[in-house]
Amino acid sequence: NLSDKLDRAFKVLKGQGTITEINVAETMKEIRKALLDADVNYKTAKAFTDDVRQKALGNNVLTSISPGQLLTKLMNDELTSLMGGTTADLNFPATPTVILIAGLNGAGKTTFTGKLANYLKTQRNKKPLLVADDIYRPAAIDQLEVLGQQIGIPVYANRESKDPVAIAREGIAQAKQNGQNVVIIDTAGRLAIDEAMMVEIEQVKDAVKPHEILFVVDSMTGQDAVNTAKVFNDRLDFTGVVLTKLDGDTRGGAALSIKSVVNKPIKFIGTGEKMEALDVFHPDRMASRILGMGDVVSLVERAQQQFDEKEAAELQKKIRKNKFDFNDFYGQIQQIKKMGNMKDLMGMIPGVGKMMKDVEVDDNAFKAIEAIIQSMTPFEKENPETINQSRRNRIAKGSGTDIQEVNRLMKQFDDMKKVMKQMSNPAAMANMMRRMP
Ligand code: GDP
Ligand code: MG
C-alpha cells in the first residue's frame, strides 16, 4: 500500500544528515508513484513533488528528526495548503439559506442531505427543511422521507408534480411559512453527459438562486471523480465539494485532485451510512490520510518543539568525547516525558496505532529508571564506569528496586553508549530510548 511505498521511499533518506539533490530525486520519484496510486492525478502529483523538492533542498535538518521525517512534514504542509489550508464553512447569508445538492447517481446525495440536516440541527442550532426534488423515482422520495423521520426533520415532497423547479420553489415557500431557516434540496442523480438533466439542474439553480451548491462525489471513484467534478463545476459553478464513502479503503487522493482541478473547497466528508457519519473537512487530517502515516506529522512537530537544537549539539559533543553520563541520560528521559503520554506517542507511530488500542502502556514506565539514577551519588552519575557491584547493591536498596533492575539499566546504558558513540547522533539515541524500557 501507499504507506509501505512511502516507507521504501524514505529508506533512501534514512540515516542521512542533510537533504541533498541526490537523495531527494529518488524519493520524489517514489512519492509521485505512490500519489498516483492513491488517485491523485498526474499533473497534481508532479506539481506537488516539484514543490516539495524545492522546499526540501537546503532545508536544515534538525538533529532530532531524520530527513525522512522532515520530508514527511514538508509534504504534509504542502498537501494541506493544496487542499485549502483551513476548514471551509458553509455560508448562511439569508433566511432561509438554500442549499442545492448535486452529483451522480449513487454518489450519496440523499444520504448526505439527511446527514447535513442532522448536523445543522444538532450542532448548528438550525431548523432545516428537506426538499425531495428527485422526481424520477418514487423510491427516492420514500428514502428521503424515511431519513427525515429518523432524524426528526420535515421533508417537503410533491408526488403529483413532474417539475423540479416548481417543487424547489414550493419547498422554499413552505420553509418561509413554517420558520425553517435552511432548505436542503436533494436532486436526482445525473450524468455529466446527459444534457437534458444538466439543463434541468441549471434551471433549478436559476430559479431558486441557492446560497450553497454542494457537489457530492464518491471518493471511491478515483480519477472519474475529478472529471465529473470539472464538468459539474463548469455548468453549476458549485460552492463546495462533499466527498463520500471515505470509510472505505480509499486514501482520499481524489480530494487533492478535485481541489486542484476545480479550486473549490471540500466542505464535508461522509464516513459511513449512518446519519452521524459526517465530518467537517479538515485539510490537515486529509493530508495525513493521503500520506497514510497516521499522525506521524504531529509526532515530528512535537519532537521539533521539544528538542532544543543547542542542547542537542551540546549532547552530540559529549557523545563524541564519550562523556555521556547518567546526568545526560536523566535529562533525556525528561525530554521524552515532556513530549507527552507514552501511549499517545506510540499510537502516533504508523502501524502502531491500532495495536495500541488493546495494550496497556504504563505512563510511569520510566519511574524505576529515574529512581535508580536518583539514588546514585553525583560522582557515580558522572562516572558510570565506577559503579561496581557493592555500589549497585546500595543503589538498588536506595531506589526501592532490586539488583537485577539496576544491572539491567547499567547494561542498557553501556550498550546505548556504545551505539551512540558509533552514531554520534542524538536522533538515533532518542529513537533507542523511545523503545525503552
Ligand atoms: P444518491 O443516489 O446520490 O442519492 O446516493 P444515496 O444517498 O442513495 O447513497 C447510495 C448508497 O451509498 C447508499 O447505499 C448509501 O447508504 C451509501 N452511502 C452514502 N454515503 C456513504 C458513506 O459516506 N459511506 C458509505 N459506506 N456508504 C455511503
Ligand atoms: Mg438520491
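My aim in this report is to walk through the structure given alongside it, one point at a time.

Quick notes on the rules
- Residues numbered from 1 in each chain as written.
- Chains lettered and ligands numbered in written order.
- Predicted model: local features only at pLDDT ≥ 70, side-chain atom pairs only at ≥ 80, totals over all residues.
- Heavy atoms only, no water.
- Axes fitted to C-alpha atoms, helices over the stretch in contact; angles between N-to-C directions.
- Helix = DSSP H or I, 4+ residues; strand = E, 2+ residues; numbered from the N terminus.
- Left-handed = near helix turned anticlockwise from the far one by under 90°.
- Contact = heavy atoms within 4.5 Å.
- Nonpolar A, V, L, I, M, F, W, Y, C, P; charged D, E, K, R; others polar.
- Near = heavy atom within 4 Å.
- Polar contact = N/O pair within 3.5 Å; in protein donor to acceptor, adjacent residues only side chain to side chain.
- Areas by Shrake-Rupley, 256 points an atom, 1.4 Å probe, with all protein chains shown as cover.
- Buried < 20%, exposed > 50% of the residue type's maximum accessible area, 1.4 Å probe, protein only.
- Pairing = 2+ DSSP bridges.

**So, the packing of helix α7 (residues 164–178) against helix α8 (residues 195–208)**
Any two packed helices are characterised by the angle at which their axes cross and by the distance between the axes.
Phase 1 of the analysis: Where α7 contacts α8, the two axes come as close as 9 Å, and the packing angle between them is 30°. Where α7 crosses over α8, the two elements pack in a sense that is right-handed. Residues P164, V165, A168, R169 and I172 of α7 form the contact with α8, whose participating residues are E200, Q203, V204, A207 and V208.
Phase 2 of the analysis: Split into classes, the residues belonging to the contact of α7 with α8 amount to seven nonpolar, one polar and two charged.

**So, the environment of V406**
Phase 1 of the analysis: Structurally, V406 can be placed in helix α20 (residues 403–423).
Phase 2 of the analysis: As a C-alpha pair, V406 and I395 span 11 residues in sequence and 7.6 Å in three-dimensional space.
Phase 3 of the analysis: The contacts of V406, once residues within four sequence positions are left out, are I372, R392, I395, A396 and T401.

**What to know about the site of ligand 1**
Phase 1 of the analysis: Close contacts around ligand 1 come from 16 residues, with G106, K109, T110, T111 and D247 the closest.
Phase 2 of the analysis: One nitrogen or oxygen atom from the main chain of G106 is found 2.8 Å from an oxygen atom belonging to ligand 1.
Phase 3 of the analysis: In isolation ligand 1 has 580 Å² of accessible area, and contact with the protein removes 79% of it.
Phase 4 of the analysis: At four residues, the largest contribution of residues to the shell around ligand 1 is made by helix α5 (residues 109–123).
Phase 5 of the analysis: Among the residues forming the shell around ligand 1, the class breakdown is two nonpolar, nine polar and five charged.

**Here's the deal with the pairing of strand β1 (residues 97–103)**
Phase 1 of the analysis: Within β1, seven of the seven residues are buried, which leaves the element mostly enclosed by the surrounding structure.
Phase 2 of the analysis: Burial along β1 is two-sided: T97, I99, I101 and G103 facing one way and V98, L100 and A102 facing the other are all buried.
Phase 3 of the analysis: Pairing analysis gives five bridges linking β1 to strand β4 (residues 182–187), with the strands arranged parallel. Looking at β4, one finds that I101 is bridged to D186.
Phase 4 of the analysis: Of the pairings in the sheet, the one linking β1 to strand β5 (residues 212–218) comprises five bridges and is parallel in character. Paired with I101 across the bridge in β5 is L214.

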